[in-house]
Amino acid sequence: MNTDYFKYLLTVADCHSIRQAAEVLHMKQQNLSTIIKNVEQYYGITIFERSNKGVHPTADGEFFLSEARSVVNTLSRLESLYL
């Protein structure tokens, strides 16, 4: 699994919008949606509930995003120490 995907998912969660997250990440909304679906399929969970008001994490998604944030923070610390 590409760890950048975790950063993308966290951006979506913070923005509560795939469209806004795509803008922040400078990528196409369709590509970001595909990444979300691929991660959800890979782990066998639904991370976000989608509605016309945006996206919100499911219960599984809340836990997944919490763990993903820990991974991203750990990677950031390692990069700052060794790169």
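Look up: the structure comes first, before these words.
Novice: Mind showing me how you'd approach a nonpolar patch on the surface here?
Specialist: Together, Met-1, Tyr-42 and Tyr-43 line one region of the surface with nonpolar side chains, adding up to about 330 Å² of accessible area. Note on placement: Tyr-43 falls in helix α3 (residues 29–43). Tyr-43 sits in the partly exposed class, given a relative accessible area of 35%.

Novice: So what exactly am I meant to see when it comes to unusual backbone geometry here?
Specialist: Outside of glycine, negative phi angles account for most residues, and trans bonds account for most peptide bonds. Backbone geometry places His-16, a non-glycine residue, at a positive phi of 60°. Note on placement: His-16 falls in the loop between α1 (3–15) and α2 (18–25).

Novice: Is there a simple way to think about the nonpolar core in this case?
Specialist: Across soluble globular proteins, nonpolar side chains have a tendency to be buried as a group. Ranked by size, the top nonpolar core spans 19 residues in total, and within it Leu-9, Val-12 and Phe-48 carry the most contacts. Residue assignment for this core shows that the elements contributing at least two residues are α1, α2, α3 and α4 (59–82). With five residues, the top contributor of residues to this core is α1. Beyond its immediate stretch of four places on either side in the chain, Phe-48 contacts Leu-9, Val-12, Ala-13, Ile-36, Glu-40, Val-55, His-56, Pro-57, Thr-58 and Leu-65.

Novice: For this particular structure, what's the right way to read the side chain of Thr-11?
Specialist: By the secondary structure assignment, Thr-11 is in helix α1. If near-sequence neighbours (up to four positions away) are discounted, Thr-11 is found in contact with Ala-21, Val-24 and Leu-25.

Novice: I'm lost on α1 in this one. Help?
Specialist: Three- or four-residue spacings in an α-helix give side chains the same orientation, since the helix completes a turn every 3.6 residues. Compared with an ideal rise of 1.5 Å per residue, which puts 13 residues at 18 Å, α1 spans 19 Å between its outermost C-alpha atoms and is within 8% of the ideal. Phe-6, Leu-9, Leu-10, Thr-11, Val-12 and Ala-13 are the residues of α1 that are buried. For α1, the N-terminal capping position is held by Asn-2, with its side-chain oxygen 2.8 Å away from the main-chain nitrogen of Asp-4.

Novice: Before we go on, may I ask you to explain the pattern of salt bridges in this structure?
Specialist: Any two side chains of opposite charge can pair if their charged atoms end up close together. Throughout the structure, instances matching the rule amount to four salt bridges. A salt bridge links Arg-19 to Glu-23, with the nearest nitrogen and oxygen atoms 3.0 Å apart. Within this pair, Arg-19 and its partner Glu-23 are both found in helix α2, separated by four residues, close to a single helical turn. Note that Glu-40 and Arg-50 form a salt bridge whose closest N and O atoms lie 3.2 Å from each other. Remark: Arg-50 occurs in strand β1 (residues 48–51) and Glu-40 occurs in helix α3; sequence separation between them is ten residues. A residue is classified by how much of its surface remains accessible, and Glu-40, at 10% relative accessible area, is buried.

Procedures and definitions
- Residues numbered from 1 in each chain as written.
- Predicted model: local features only at pLDDT ≥ 70, side-chain atom pairs only at ≥ 80, totals over all residues.
- Heavy atoms only, no water.
- Patch = residues over 30% accessible without salt bridge, like charges linked within 9 Å, V, L, I, M, F, W, Y side chains within 5 Å.
- Areas by Shrake-Rupley, 256 points an atom, 1.4 Å probe, with all protein chains shown as cover.
- Salt bridge = Lys/Arg side-chain N within 4 Å of Asp/Glu carboxyl O.
- Helix = DSSP H or I, 4+ residues; strand = E, 2+ residues; numbered from the N terminus.
- Buried < 20%, exposed > 50% of the residue type's maximum accessible area, 1.4 Å probe, protein only.
- Core = buried A, V, L, I, M, F, W, Y, C linked by side-chain atoms within 4.5 Å.
- Contact = heavy atoms within 4.5 Å.
- Expected span 1.5 Å × (residues − 1).
- Polar contact = N/O pair within 3.5 Å; in protein donor to acceptor, adjacent residues only side chain to side chain.

By themselves, these figures tell us nothing about what the structure is for.
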